[in-house]
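Overview (structure and organization)
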Amino acid sequence: MKKMLIQGGNLLSGEVTIGGAKNSTVAIIPAAILAESKVVLDCVPHIKDVNSLLSILEDMSVSSIFEGDTVEIDPTHIISTPLPSGKIQSLRASYYFMGALLGRFGEAIVGLPGGDDIGPRPIDQHIKGFEALGATVTNNHGAIQIKAPHGLHGAKIYLDMASVGATINLLLAAVRAEGQTVIENAAREPEIVDIATFLNNMGAKIRGAGTDIIRIDGVEHLYGRNTHTIIPDRIEAGTYLSMAAAIGDGVNVKNIISEHMDAYLAKLEEMGVKMDVKEDSIFVYPSPDLKMVQVKTMPYPGFATDLQQPLTPLLLKAKGEGIVVDTLYPKRTRHVPELIRMGADIAIENDVIILHHTDKLQGAEVSADEIRGGACLMIAGLMANGVTTIDNASNILRGYDRVVDKLTGLGAIVKMVEE
Ligand SMILES: CC(=O)N[C@H]1[C@@H](OP(=O)(O)OP(=O)(O)OC[C@H]2O[C@@H](n3ccc(=O)[nH]c3=O)[C@H](O)[C@@H]2O)O[C@H](CO)[C@@H](O)[C@@H]1O
Ligand SMILES: C=C(OP(=O)(O)O)C(=O)O
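None of the values given here were measured: they were computed from a predicted structure.

1. Examining the nonpolar core
Counting residues in hydrophobic clusters, the biggest one holds 75 residues, and the most contacted among them are Ile73, Phe97, Phe130, Leu199 and Ile206. In this structure isoleucine 73 touches Ile29, Ala32, Ser37, Lys38, Val39, Leu41, Leu54, Leu57, Val62, Ser63 and Ser64, once residues within four positions along its chain are discounted. In terms of nonpolar packing, the next biggest core, distinct from the first, is built from 69 residues, Tyr264, Ala318, Ala380 and Leu410 among them.

Quick look at the structure:
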């Protein structure tokens, strides 16, 4: 585990370039094993989750080369390998090996995934979908065994909630099923469109990604043809926008698809953050007079749960009483006691986060218990007087590309040390 040390108080300025989306990349890497030839990805973020996935691929005799921002994956010598535990638990997206192995081999043994500890994260919809496609699913002490010895067949699957993970896992299995699969109440996140684009470029037949009905006609073969460029990470972008508004003296955030961030940008505007939204970048001006707002997270295109914590330090600068309700993960509040340690006027009542204007945060020793809680503390540390030490900072590295370099480039005084 690592510690992040931040000397707060420096105004940030200059520019920062957003990396490829974590939540696309961590699905596309497992999806690559569906190909019968090499796959090349560009704009791959340098994050821990990517390293974990490439290491899991190695265990299946799938080699990869990560150079610059490009990853080349060669799944031509893949061996069907059980993944009951170990590295699987180090991230959430390892569950995509369920759909991908099932699509490739008609069977998969994959342990229950890890990922951010943000309250209960069941996978019942994934399992319901695999069963509808003709697989049998058993849970052997946490190792999920999925078998379809007679192959998968298309099915109509209605998801009880628009789950990102279930939508993607079912796409990965259904692209190789016989006949048509229809996913109803599918999640509509931009990352799902990215994954569908990747699969379609390999020969899959997926229509409707980005809407709540996705139709997949199964195909027999998939081949990596051209380099796939991962979309920009809208959550990383939102984190730097919040940081720029909170402690910036003019910051240009580059490589943004602003249409992916409509709900978030609307909230920043409502607060009075001054921005120039350009074709693929956003310039944030110093924004001294901020208005408090209420935030309610919703599935896309609503306000993303992954951005409620990174927005919180900025909310603390606004006047009045603010409220944050996370409808996806009501217990995603582990940053709150840490912010209190830094002097923030913030509390939790019945899973509602209530906050008031806080004149000055104080540096303190705090803990990043998950990625976005860590991002929140990182911004708070940059705003605070004195030194902030963030324990368990490896969690930040699960999702933030070259974060120390990017912050240093903006003028922050920050370093990562081994605990
Ligand atoms: C790797 C990845 O892409 N992670 C993202 C993904 O997580 P993840 O795919 O795990 O999140 P889901 O979209 O599946 O979860 C949405 C909601 O549905 C519930 N649910 C989900 C599946 C299921 O079978 N049963 C069930 O009850 C969850 O508890 C949650 O309340 O989407 C989340 C919601 O946008 C983001 O916070 C995560 O960053
Ligand atoms: C919750 C998140 O990630 P994961 O699903 O990978 O744990 C996140 O990126 O905020």
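That shown, we press on.
2. Comments concerning the environment of isoleucine 56
Here isoleucine 56 lies in helix H2 (residues 48–59). Residues isoleucine 56 and valine 336, spaced 280 residues apart in sequence, show a C-alpha to C-alpha distance of 34 Å. Ignoring sequence-local partners within four residues, the contact set of isoleucine 56 consists of Leu83, Lys87, Ile88, Leu91, Ser94 and Phe97.

3. Considering the packing of helix H7 (residues 234–247) against helix H9 (residues 308–315)
Look at H7 against H9: their axes get within 9 Å of each other, and the N-to-C directions meet at 5 degrees. Relative to H9, H7 is oriented roughly parallel. The residues of H9 that touch H7, namely those facing Thr239, Ser242, Ala245 and Ala246, are Pro310, Leu311 and Leu314. Within the contact of H7 with H9, the residues separate by chemical class into 5 nonpolar, 2 polar and no charged.

4. Some points on the site of ligand 1
If you check the shell around ligand 1, you find 20 residues, and the closest are Tyr95, Gln125, Ser163, Val164 and Asp306. Within the backbone of proline 122, a nitrogen or oxygen atom sits 3.3 Å from an oxygen atom of ligand 1. Take leucine 328: an N or O atom from its main chain is 2.8 Å from an oxygen atom of ligand 1. Coverage of ligand 1 by the protein chains reaches 89% of its 740 Å² of free accessible surface. Under a 2 Å grid-point criterion requiring more than half of the atoms, the pocket assigned to ligand 1 is the largest pocket. Those elements that place two or more of their residues in the shell around ligand 1 are helix H1 (22–31), helix H4 (124–132) and helix H5 (164–174). Among the elements that line the shell around ligand 1, the one with the most residues is H4, at 3 residues. Of the residues that constitute the shell around ligand 1, the class distribution is 9 nonpolar, 6 polar and 5 charged.

5. A closer look at the layout of surface pockets
Within this model, the largest pocket holds a volume of roughly 940 Å³. Contributing to the lining of the largest pocket are 40 residues, with Arg121, Val164, Gly165, Leu328 and Tyr329 lying nearest its centre. Of all the secondary-structure elements, those providing two or more residues to the lining of the largest pocket are H1, H4, H5, H7 and helix H11 (371–383). Considering only residue class, the lining of the largest pocket consists of 19 nonpolar, 8 polar and 13 charged. Considered as a void within the structure, the second largest pocket measures approximately 170 Å³ in volume. The wall of the second largest pocket is formed by Gly9, Ala246, Ile247, Leu316, Lys317, His357, Thr358, Asp359, Lys360, Leu361 and Met383. Taken together, the residues of the lining of the second largest pocket break down into 5 nonpolar, 3 polar and 3 charged.

6. Here we look at the site of ligand 2
Around ligand 2, the structure places Lys22, Arg92, Gly115, Asp116, Ile118, Arg121, Asp306, Arg332, Ile371, Arg372 and Arg398. Taking arginine 332, its side chain carries an N or O atom lying 2.9 Å from an oxygen atom of ligand 2. Arginine 372 is positioned with one of its side-chain polar atoms (N or O) 2.7 Å from an oxygen atom of ligand 2. Expressed as a share of its isolated accessible area of 300 Å², the protein-covered part of ligand 2 is 93%. If you map ligand 2 onto the pockets, it falls in the largest pocket.

7. Here we look at the packing of aromatic side chains
For the structure shown, the criterion picks out 3 aromatic pairs. Ring geometry for tyrosine 264 against phenylalanine 303: centres 5.6 Å apart, planes inclined by 50 degrees, an arrangement best described as tilted. Of this pair, tyrosine 264 sits in helix H8 (residues 262–271) while phenylalanine 303 sits in the loop between strand E17 (294–297) and H9; the two residues are 39 residues apart in sequence, bridging distant segments of the chain. One exposure class covers both tyrosine 264 and phenylalanine 303, and it is buried. On the basis of an interplanar angle of 70 degrees and a centroid distance of 4.8 Å, the ring pair of phenylalanine 283 and tyrosine 285 is categorised as edge-to-face. On the basis of relative accessible area, phenylalanine 283 is assigned to the partly exposed category, the value being 23%. Owing to a relative accessible area of 34%, tyrosine 285 belongs among the partly exposed residues under this scheme.

8. Notes on the environment of glycine 210
Inspection of the secondary structure puts glycine 210 in the loop between strand E11 (205–207) and strand E12 (213–217). The class of glycine 210 is partly exposed, set by a relative accessible area of 30%. For the pair glycine 210 and proline 122, spaced 88 residues apart in sequence, the C-alpha to C-alpha distance is 23 Å.

9. Concerning the sheet that holds strand E16 (residues 281–284)
In a beta sheet, neighbouring strands pair by backbone hydrogen bonds and run either parallel or antiparallel. Pairing is mixed across the open sheet formed by 4 strands, whose spatial order is E2-E14-E16-E15. The open sheet has two edge strands with one neighbour each: strand E2 (12–17) and strand E15 (275–277). Going across the sheet, the axis of each strand differs from the next one's by a mean of 5 degrees, ignoring polarity.

What counts, and at which threshold
Residues numbered from 1 in each chain as written. Chains lettered and ligands numbered in written order. Predicted model: local features only at pLDDT ≥ 70, side-chain atom pairs only at ≥ 80, totals over all residues. Heavy atoms only, no water. Core = buried A, V, L, I, M, F, W, Y, C linked by side-chain atoms within 4.5 Å. Buried < 20%, exposed > 50% of the residue type's maximum accessible area, 1.4 Å probe, protein only. Contact = heavy atoms within 4.5 Å. Helix = DSSP H or I, 4+ residues; strand = E, 2+ residues; numbered from the N terminus. Axes fitted to C-alpha atoms, helices over the stretch in contact; angles between N-to-C directions. Parallel < 35°, antiparallel > 145°, perpendicular 65-115°, else oblique. Nonpolar A, V, L, I, M, F, W, Y, C, P; charged D, E, K, R; others polar. Near = heavy atom within 4 Å. Polar contact = N/O pair within 3.5 Å; in protein donor to acceptor, adjacent residues only side chain to side chain. Areas by Shrake-Rupley, 256 points an atom, 1.4 Å probe, with all protein chains shown as cover. 1 Å grid on protein atoms, 1.4 Å probe; cavity = no way out; pocket = protein on both sides within 12 Å on 5 of 7 lines; lining within 4 Å. Sits in = over half its atoms within 2 Å of the grid points. Points joined across faces, edges and corners; volume = space filled by probe spheres on them. Phe/Tyr/Trp six-rings, centres within 6.5 Å; stacked < 30°, edge-to-face > 60°. Pairing = 2+ DSSP bridges.

Honestly, it's all geometry; don't read function into it.
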